[in-house]
Amino acid sequence: MKTITNTNALEQARAITQPTREASLKREPSVSHFWNNNRKLLEEAWATWEMENKDNLLIPDETLLDPKLRKAINDAWENPEKENAVADLWEEIIPGVYVAQFFDVERLAEFRKYLEDVVNSEIPKRAPYGIQLNRYGMMLDERSEGHLAAPSFQAFYNDMMNRYMRPIARLLLGTYGYDNQTFGFSIQYNPDKDKDLHAHTDASAATLNININLPEEVFTGSEVDFYDKASGKTVQTIFEPGKAILHRGNVPHATHPITSGQRSNLVVWLYGDRMQVPRGSTSSYGNINSLTSENVTSENISAGERWSVPKGTKDTFAPF
Ligand SMILES: O=C(O)CCC(=O)C(=O)O
Ligand SMILES: [Fe+2]
């Protein structure tokens, strides 16, 4: 009977021994084999977990997001000519870097409780080992080994990327043509470990970095500096609960050490097929061999094109 098989998948997934952190950091081939060999089992386990706990689990969806943003986004999907109302919600702090309220602060506690339930599921998950900051956190995109494959989370994540991030990035950063592919992970800064992030750029056309701290989860330090190459100016940002920063991947940025408390963020990327990013982009995180393209095509893109979902399929390669 199917149910019995699925229950077994959850039990089996919980029983498997994960590769060590050391092996993962060394990129031992056995680590990749582990995640690939167990991919189906883990996906089944997540689906079973969700079903078994459906009475107590949040179904994450767009209603978690800021009401003003949600309204402007929904209006723009209905009529792309109304996209300026979306742009108006974002404040440009230096060229290529924008800030807005993303999550509804009132709903953040529910979302955090959901993420805690995810951790307590005891289903093996891979941390974002590809970045300096890598002890806590999870991979969010289905392209990634050991990702958070709970079906309702994936539906929310895909909505966030397709209905929110991509048109916003097209509108503010002109990423059209370089934003078919998605990638994402969560991170947490702690004063003892994973306290900062050295200056880098991302192998993305656009990065959306969303804070998920609760108002009572105060922290000190952990400012993020963005550097404007053209003017030589640096802007220092401090994340507030539910606030997001959208930036071009090629804007250099660095995170100061956190001195007390914790900071939790979701970091999601868009980039083009074969990892193409707009011309002039080089990166220190992600694929070093990413192609850069000949010409940025954003100028003649219509509002209707910005508010559309690419037809092509997602590839399966993960930047890290
Ligand atoms: O400190 C952070 O929130 C990470 C900043 C970062 O690397 C990014 O937004 O791409
Ligand atoms: Fe970054």
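Residues numbered from 1 in each chain as written. Chains lettered and ligands numbered in written order. Predicted model: local features only at pLDDT ≥ 70, side-chain atom pairs only at ≥ 80, totals over all residues. Heavy atoms only, no water.

The name recorded for the protein chain in an unreviewed UniProt entry is 2OG-Fe(II) oxygenase, from Polaribacter marinaquae. A UniProt comment under Sequence similarities (unreviewed entry) is attached to the protein chain, and it reads "Belongs to the iron/ascorbate-dependent oxidoreductase family." (UniProt positions renumbered as here; feature names shortened; annotations may be inferred.)

Participant: Teacher, can you tell me more about the site of ligand 1 here?
Facilitator: Near ligand 1, the surroundings consist of 13 residues, among which Y189, D202, N209, T255 and R263 are the closest. Here H200 contributes a side-chain N or O atom positioned 2.9 Å from an oxygen atom of ligand 1. Isolated, ligand 1 exposes 300 Å² of accessible area, and the fraction of that covered by the protein chains is 97%. Counting residues per element, the ones that place at least two in the shell around ligand 1 are β4 (197-200), β5 (206-211), β10 (253-255) and β12 (263-271). For the shell around ligand 1, a count of residues per class yields 4 nonpolar, 7 polar and 2 charged. (Near = heavy atom within 4 Å. Polar contact = N/O pair within 3.5 Å; in protein donor to acceptor, adjacent residues only side chain to side chain. Areas by Shrake-Rupley, 256 points an atom, 1.4 Å probe, with all protein chains shown as cover. Helix = DSSP H or I, 4+ residues; strand = E, 2+ residues; numbered from the N terminus. Nonpolar A, V, L, I, M, F, W, Y, C, P; charged D, E, K, R; others polar.)

Participant: For this particular structure, what's the right way to read the nonpolar core?
Facilitator: A general feature of soluble globular proteins is that nonpolar side chains tend to end up buried together. Ranked by internal contacts, the top residues of the largest apolar core, which has 61 residues, are W90, F102, F103, F111, Y114 and L246. No other element matches the 12 residues that helix α8 (residues 151-173) contributes to this core. With sequence-adjacent residues up to four places away left out, Y114 is seen in contact with W49, L57, L58, P60, A150, S152 and F153. F185, I187, A203 and M275 belong to the second largest nonpolar core, which has 20 residues in total. (Core = buried A, V, L, I, M, F, W, Y, C linked by side-chain atoms within 4.5 Å. Buried < 20%, exposed > 50% of the residue type's maximum accessible area, 1.4 Å probe, protein only. Contact = heavy atoms within 4.5 Å.)

Participant: What's the story with the coordination of the iron ion (ligand 2) in this structure? I'm lost.
Facilitator: The coordination sphere of the iron ion (ligand 2), as far as protein atoms go, consists of H200 (NE2), D202 (OD) and H253 (NE2), spread over 2.1 to 2.3 Å. Read in sequence order, the donor residues coordinating the iron ion (ligand 2) give the pattern H-x1-D-x50-H. Just as H200 is buried, D202 falls in that class too. (Donors = N, O, S within 2.8 Å, 3.2 Å for Na, K, Ca; no water.)

Participant: Would you mind going over the packing of aromatic side chains with me for this structure?
Facilitator: Counted under the stated rule, the structure contains 17 aromatic pairs. Between F102 and F103 the ring centres are 6.1 Å apart and the planes differ by 65 degrees, which places this aromatic pair in the edge-to-face class. These aromatic residues form a ring-pair network of at least three members: W46, W49, F102, F103, F111, Y114, F153, F156, Y157 and Y164. (Phe/Tyr/Trp six-rings, centres within 6.5 Å; stacked < 30°, edge-to-face > 60°.)

Participant: When you look at the sheet that holds β10 in this model, what are you seeing that I'm missing?
Facilitator: Think of a sheet as strands paired side by side through backbone hydrogen bonds, with each pair either parallel or antiparallel. If you trace the 4 strands from one edge of the open sheet to the other, you get β4-β10-β7-β8, paired in antiparallel fashion. On the outer flanks of this sheet lie β4 and β8 (233-237), each paired with one strand and no other. Strand-to-strand twist in this sheet, taken as the mean axis angle between neighbours without regard to direction, amounts to 15 degrees. Here β4 pairs with β10 via 2 bridges, running antiparallel. Paired with L197 across the bridge in β10 is T255. (Pairing = 2+ DSSP bridges. Axes fitted to C-alpha atoms, helices over the stretch in contact; angles between N-to-C directions.)

Participant: Help me understand the packing of helix α4 (residues 39-52) against α8 in this model?
Facilitator: Between two packed helices, the angle of one axis relative to the other and the distance separating the axes together describe the packing. Following both chains from N to C, one finds α4 and α8 inclined at 100 degrees, their axes separated by 8 Å at the closest point. Classified by the angle between their axes, α4 and α8 sit roughly perpendicular to one another. Together, W46, A47 and E50 of α4 and P151, S152 and F153 of α8 make up the contact between the two elements. Class assignment of the residues belonging to the contact of α4 with α8 gives a composition of 4 nonpolar, 1 polar and 1 charged. (Parallel < 35°, antiparallel > 145°, perpendicular 65-115°, else oblique.)

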